[in-house]
Amino acid sequence: MTDQNGELDAALERVIEAARHHLAAVRAAQGRIDDDDVWQAYVALNNASFAYDEKLMDAFGEVTPWDVESIDPDEADQRFGGAEGVEPTDPHPQVISVRQRRDYRVPSVSALIRIAESARREGVPADEEVPPVEGVGEAVLELLQSGDGSLGALDVPELEPLDGVVMVSEVGTPVDLESFDDDDPAGPFQPAADDRLVGRLDEHPFMELDDEHDHVH
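Every value quoted in this text rests on a predicted model; they were computed, and no experiment measured them.

A.B. asks: Would you take a moment to explain the overall build of the protein chain for this structure?
C.D. replies: Counting its regular elements, the protein chain contains 6 helices and 3 strands. Shown N-terminal to C-terminal, the secondary structure of the protein chain runs as helices and strands in the order α-α-α-β-α-α-β-β-α. Relative to its full complement of 217 residues, the protein chain shows a buried share of 23%. Considering only contacts in the protein chain between residues 6 or more positions apart, those separated by 24 or more positions represent 68%.

A.B. asks: What's the story with the sheet that holds strand S1 (residues 95-105) in this structure? I'm lost.
C.D. replies: In a beta sheet, neighbouring strands pair by backbone hydrogen bonds and run either parallel or antiparallel. Read from one edge to the other, the open sheet built from 3 strands follows the order S1-S2-S3, with strand pairing classed as antiparallel. Looking along the sheet, the strands with just one partner apiece sit at the ends: S1 and strand S3 (196-203). Adjacent strand axes in the sheet meet at a mean angle of 15°, parallel and antiparallel pairs treated alike. Here S1 runs beside strand S2 (residues 160-171); their pairing, made up of 10 bridges, is antiparallel. Considered in S2, the bridge of Val98 is made with Val168.

A.B. asks: Just checking my understanding: could you explain a negative patch on the surface for this structure?
C.D. replies: Residues Asp176, Glu178, Asp181, Asp182 and Asp183 make up a contiguous surface patch of negative charge. Considering the arrangement of structural elements, one finds Asp182 in the loop between S2 and S3.

A.B. asks: Would you take a moment to explain the layout of surface pockets for this structure?
C.D. replies: Over the atoms rolls a probe the size of a water molecule, and its path tells where empty space is left. Put simply, the largest pocket is a space of about 470 Å³. For the largest pocket, the lining is made up of 14 residues, of which Gln100, Leu141, Leu144, Leu151 and Phe189 are closest to its centre. At the level of secondary structure, the elements contributing two or more residues to the lining of the largest pocket comprise S1 and helix H5 (136-146). Looking at the second largest pocket, its volume works out to about 370 Å³. In terms of lining, the second largest pocket is formed by 19 residues, of which the most central are Arg99, Thr173, Pro174, Val175 and Pro188.

A.B. asks: Looking at this structure, I do not really get the pattern of salt bridges. What am I missing?
C.D. replies: Oppositely charged side chains can pair when the atoms bearing their charge come close. For the structure on display, the rule yields 11 salt bridges. Salt-bridge contacts for Glu160 lead to Arg105; the nearest nitrogen and oxygen are separated by 2.7 Å. Placement of the pair is Glu160 in strand S2 and Arg105 in strand S1, with a sequence separation of 55 residues. Since its relative accessible area comes to 34%, Glu160 is described here as partly exposed. Relative accessible area serves as the criterion here: at 42%, Arg105 is assigned to the partly exposed category. Shared partners join several salt bridges into a network, and the residues in it are Arg102, Asp155 and Glu203.

A.B. asks: What should I look at first to understand the packing of aromatic side chains in this one?
C.D. replies: Both the distance between ring centres and the angle between the ring planes are used here to describe each pair of aromatic rings. Taken as a whole, this structure holds 2 aromatic pairs when the rule is applied. Measuring from ring centre to ring centre gives 5.5 Å for Trp39 and Tyr42, while their planes differ by 15°; the resulting arrangement is stacked. Taken together, the positions of Trp39 and Tyr42, both in helix H2 (residues 36-60) and 3 residues apart, correspond to about one turn of that helix. Considering the side-chain rings of Tyr52 and Trp66, the 6.0 Å spacing of their centres and the 45° angle between planes classify their relative orientation as tilted. Of this pair, Tyr52 sits in helix H2 while Trp66 is found in the loop between H2 and helix H3 (73-80), placing the two residues 14 residues apart along the sequence.

A.B. asks: Help me understand helix H4 (residues 109-121), please; the structure alone is not making it clear to me.
C.D. replies: One turn of an α-helix holds 3.6 residues; hence residues three or four places apart share an orientation. Under the 1.5 Å per step criterion, the end-to-end length of H4 is 18 Å for 13 residues, consistent within 8% with the ideal 18 Å. When we look at burial in H4, the residues that qualify are Ala111, Leu112, Ile113, Ala116, Ala119 and Arg120. Of the surrounding secondary structure, the elements contacted by the buried residues of H4 are H5. Looking one or two residues past H4, Gly123 carries a phi angle of roughly 85°, positive in sign.

A.B. asks: Can you walk me through the environment of Gly172 in this structure?
C.D. replies: Examined against the element boundaries, Gly172 turns out to sit in the loop between S2 and S3. In this structure Gly172 comes out as partly exposed when scored by relative accessible area, which is 48%. When the C-alpha positions of Gly172 and Gln94 are compared, they lie 7.5 Å apart, and in sequence the two are 78 residues distant. Look past the residues within four positions of Gly172 in its chain and what remains in contact with it is Val95, Asp194 and Asp195.

Criteria and thresholds
- Within any chain, residue numbers begin from 1 and follow the written order of that chain's sequence.
- pLDDT decides what is reported in this predicted model: residues at 70 or higher carry local features, side-chain atom pairs at 80 or more are listed and counted, and totals for whole chains, interfaces and linings draw on all residues regardless.
- Calculated side-chain values reflect all of the structure's heavy atoms, with hydrogen atoms and water omitted.
- The helix and strand labels rest on DSSP assignments: H or I over at least four residues marks a helix, E over at least two residues marks a strand, and numbering proceeds from the N terminus.
- Remark: exposure states derive from per-residue accessible area (1.4 Å probe, protein chains only) relative to the maximum for the residue type, with buried under 20%, exposed over 50%, and partly exposed in between.
- Contacts are assigned to residue pairs with any non-hydrogen atoms lying within 4.5 Å of each other.
- Criterion used throughout: strands pair if DSSP finds at least two bridges between them.
- Every axis in this analysis is a line fitted to C-alpha atoms, fitted for helices over the stretch in contact. Angles between the N-to-C directions lie between 0 and 180 degrees.
- Nonpolar side chains (Val, Leu, Ile, Met, Phe, Trp, Tyr) are joined into patches within 5 Å and like charges within 9 Å, using only residues with over 30% relative accessible area and no salt bridge.
- Surface accessibility in these figures is a Shrake-Rupley result with a 1.4 Å probe; residues are shielded only by whichever protein chains are displayed.
- For this document, the term salt bridge refers to a Lys or Arg side-chain nitrogen within 4 Å of an Asp or Glu carboxyl oxygen.
- When charges are counted, neither His nor the chain ends are considered; positive counts come from Lys and Arg and negative counts from Asp and Glu.
- By convention, the charge on Lys lies at NZ, on Arg at CZ, on Asp at CG and on Glu at CD.
- Only protein atoms enter the 1 Å grid used here. Points where a 1.4 Å probe fits but cannot escape make up a cavity, open sets with protein on both sides within 12 Å along at least five of seven lines make up a pocket, and a residue lines them when an atom lies within 4 Å of a point.
- Grid points are joined across faces, edges and corners, and a volume is the space filled by probe spheres set on the points.
- Any two of the Phe, Tyr and Trp rings considered here, Trp counted by its six-membered ring, make a pair once their centres fall within 6.5 Å; the pair's planes then place it as stacked at under 30 degrees, edge-to-face at over 60, or tilted in between.
- Given the number of residues in a helix, its expected span is that number minus one, multiplied by 1.5 Å.

In structure tokens, the structure reads:
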């Protein structure tokens, strides 16, 4: 039993050390997703906990609250994306491009400009002058900016949605915005020769029910 006690103490110390190393790796990663050091520390902590649980069961028939299974470190490397120095094999490009177009009809230009000016004034002190919104295009841009660029910001009564389209493509390289002029309307959206179109989704606005469906029989 003395040897078992010594092995248990050593196994517990390995759990504590692994937990400290895992915490240090998490702090160093500062929230980075898929950090290799965090993953390796996690595997070490998992396996140390599993080993301690096994030894506790063998010595006293007791278990810990940790419901873990042993992880093979080599398989862990493959699951994470490949061992250090080995590039993972992936038949698909790593960059996906989503191109979207949505058209709108403007029933009332003055109404659209009014809500855009209201959005522009939000967050600005009352005694500070706010420049007027000039034109439909500027109004739409103002709504987009107030909505953090989301097209959901354009779901307002002052804009009537028409048809739209979304295209998803696999591309070799991400877009380089610095290579296009600010007033270039097509360049950033022009597919490259090696882009592969995955699919196209046509969007249609909600249509009003037919008159016969509007009546209750």
